[in-house]
Amino acid sequence: SLSGGEKARARIARLVLQESDVLLLDEPGNDLDIDTLESLEESMQEFAGAVMLISHDRYMIEAVCDSFLGVHADGRVLEYASFEQWLKSSAKSLAVSPIGVVEKLPEAGADKSVASRSSGKSAKLSYKDQLEYDRMEERILQAEGRLENLQNKCTDPKVMADSRLLVETCTALDLQKKEIEELYSRWEVLEEMRRAVAAK
């Protein structure tokens, strides 16, 4: 009978009470309110063992993590000093020494369509796709800026005191997170297309 957020909080509470050396957390911030997110971040920072965290929440990652691994569309696993460094590297294809290479991930439907397009004799990015690719980093940064503003707004005492406004703000926050996820997914598709063209 519990909601998704209540189930997540119960699971996190159980984890905190257990003695562990390593925590493996996959999107632990999903369905959590701001107060619980902050408590979760504090718990991870105080945790004496190692934490492996997978998340789309940039701010949680930056607050908690001291080592960053980026898994790229071509299967490479690279280590970065910060999330910002990964963002710039992905956008500009900077040379970063890999710490290892994983087996190439199975291609999703979008990737298969990219591969089929790239196998044609006249494979190239269209003007529209190239323009979208060139502007993607800026769009993501702007979207993450809006996300940060909404996160700050959710903790504003005036907003928290107004239940209607709080619900509206939290709804906008969820929509903004989804927009960012969609932008990253689209960026991966465009990057795969660009790599396929470059390989020709």
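Residues numbered from 1 in each chain as written. Predicted model: local features only at pLDDT ≥ 70, side-chain atom pairs only at ≥ 80, totals over all residues. Heavy atoms only, no water.

### Remarks on the overall build of the protein
A count of helices and strands for the protein gives 8 helices and 5 strands. Secondary structure elements of the protein, listed N to C terminal, follow the sequence α-β-α-β-α-β-β-α-β-α-α-α-α. Each of the 200 residues in the protein was classed as buried or not, and the buried ones make up 33%. Within the protein, contacts between residues separated by at least 24 positions form 61% of all contacts whose residues are at least 6 apart in sequence. In the structure as shown, the protein presents an accessible area of about 12900 Å², 52% of it carried by carbon and sulfur atoms. (Helix = DSSP H or I, 4+ residues; strand = E, 2+ residues; numbered from the N terminus. Buried < 20%, exposed > 50% of the residue type's maximum accessible area, 1.4 Å probe, protein only. Contact = heavy atoms within 4.5 Å. Areas by Shrake-Rupley, 256 points an atom, 1.4 Å probe, with all protein chains shown as cover.)

### A look at helix α2 (residues 34-46)
Here α2 spans 19 Å end to end across 13 residues, near enough to the 18 Å set by a 1.5 Å rise per residue. Along α2, the residues classified as buried are I34, T36, L37, L40, E41 and M44. The arc that holds the buried residues of α2, viewed along the axis, is 160°, so those residues lie on one side. (Expected span 1.5 Å × (residues − 1). Arc of directions from axis to C-beta.)

### Some points on the pattern of salt bridges
The final tally for this structure, using the stated rule, is 6 salt bridges. Measuring nitrogen to oxygen at the nearest pair gives 3.1 Å for the salt bridge that ties R195 to E191. With R195 and E191 both in helix α8 (residues 163-199), this residue pair falls 4 residues apart, about one helical turn. A residue is classified by how much of its surface remains accessible, and R195, at 29% relative accessible area, is partly exposed. Looking at E191, the relative accessible area reads 8%, which means it is buried. (Salt bridge = Lys/Arg side-chain N within 4 Å of Asp/Glu carboxyl O.)

### Describing the nonpolar core
One broad trend across soluble globular proteins is that nonpolar side chains are buried collectively. Residues M60, I140, Y184 and W187 are the most contacted members of the largest nonpolar core, which totals 36 residues. Within the residue set of this core, elements represented by two or more residues are α1 (4-17), β1 (22-26), α2, α3 (58-64), β4 (76-80), α4 (83-92), α6 (127-154) and α8. Here this core gets 8 residues from one element, more than from any other, and that element is α8. For I140, the contacting residues outside a window of four places in its chain are L87, L183, Y184 and W187. (Core = buried A, V, L, I, M, F, W, Y, C linked by side-chain atoms within 4.5 Å.)

### Observations regarding the pairing of β1
Judged by which residues are buried, β1 turns out to be one-sided: L23 and L25 face inward and are buried, whereas V22, L24 and D26, on the alternate face, are not. Sheet analysis places β1 next to strand β2 (residues 50-54), joined by 5 bridges and oriented parallel. Its bridge partner being in β2, V22 is matched across the sheet by A50. (Pairing = 2+ DSSP bridges.)

### Let's talk about unusual backbone geometry
Its identity is not glycine, yet E27 carries a phi of approximately 50°, on the positive side. Judged by relative accessible area, which is 18%, E27 ranks as buried.

### Some details on a nonpolar patch on the surface
Judged by side-chain polarity, V22, L24 and M52 come together as a nonpolar surface patch covering roughly 330 Å² of accessible area. Mapped onto the elements of the fold, M52 is located in strand β2. Taking the relative accessible area as the measure of exposure, M52 reaches 53% and is therefore exposed. (Patch = residues over 30% accessible without salt bridge, like charges linked within 9 Å, V, L, I, M, F, W, Y side chains within 5 Å.)

### Some remarks on α6
Look at α6: 40 Å from first C-alpha to last across 28 residues, which is about the 40 Å you get at 1.5 Å a residue. The largest bend in α6 is about 45°, located at M136. Among the residues making up α6, those that are buried are D129, E132, Y133, M136, E137, I140, A143, E144, L147, L150, Q151 and C154. (Bend = angle between axes of the 7 residues up to and from the residue.)

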